[in-house]
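Take a look at the letters that make up each chain.
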Amino acid sequence: MGIQNTMKALSDPIRREILNLLKGGRMSAGDIVERFEVTGASISRHLSVLKDADLIRDRREGKYIYYELNASVLEEIMLWIADLKGDNGND
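Quick caveat: nothing in here was measured; it's all calculated off a predicted structure.

Participant: Please clarify how the overall build of the chain should be interpreted in this entry.
Facilitator: Of the regular secondary structure elements, the chain holds 5 helices and 3 strands. The linear arrangement of helices and strands in the chain, starting from the amino end, is α-α-β-α-α-β-β-α. Projected onto its principal axes, the C-alpha positions of the chain cover 50 × 25 × 25 Å. Put simply, of all contacts in the chain between residues at least 6 apart along the chain, 51% involve residues at least 24 apart. When the accessible surface of the chain is totalled, it reaches about 6200 Å², and 48% of it is carbon and sulfur. One finds the centroid of the 13 positive side-chain charges in the chain at a distance of 6 Å from the centroid of its 15 negative side-chain charges.

Here it is as structure tokens:
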């Protein structure tokens, strides 16, 4: 995982909203598309960027693709940010 890909993925408000939606559990691509006023192709591209950054995983079940958060990558990012902030008690 490259931190540059992760930050690029997180920089877009639609992608951040997709991650927020997936906090509630896995969703099909169609369910995700229904939540936005952009084209399905646009959401597909956003999902691809999130997947390339390893922030989400997908699984095909029959004719549907389901997406879910990759919590381990999100935890790594939070730990990295916490480390940058430092915890030296001078807050």
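Moving on from the coordinates now.
Participant: Even after reading the chapter, I still don't get the sheet that holds strand β1 (residues 27-28), so can you show me in this structure?
Facilitator: Adjacent strands of a sheet form backbone hydrogen bonds with each other and so pair up, either parallel or antiparallel. The 3 strands lie next to each other as β1-β3-β2, forming an open sheet whose pairing is antiparallel. One side of each edge strand has no neighbouring strand; the edge strands of this open sheet are β1 and β2 (56-61). Where β1 lies against strand β3 (residues 64-69), 2 bridges are found, and the strand directions are antiparallel. Among the inter-strand pairings, S28 is bridged to a residue of β3, identified as Y66.

Cut-off values and rules
Residues numbered from 1 in each chain as written. Predicted model: local features only at pLDDT ≥ 70, side-chain atom pairs only at ≥ 80, totals over all residues. Heavy atoms only, no water. Helix = DSSP H or I, 4+ residues; strand = E, 2+ residues; numbered from the N terminus. Contact = heavy atoms within 4.5 Å. Areas by Shrake-Rupley, 256 points an atom, 1.4 Å probe, with all protein chains shown as cover. Lys, Arg positive; Asp, Glu negative; His and termini not counted. Charge placed at Lys NZ, Arg CZ, Asp CG, Glu CD. Pairing = 2+ DSSP bridges.

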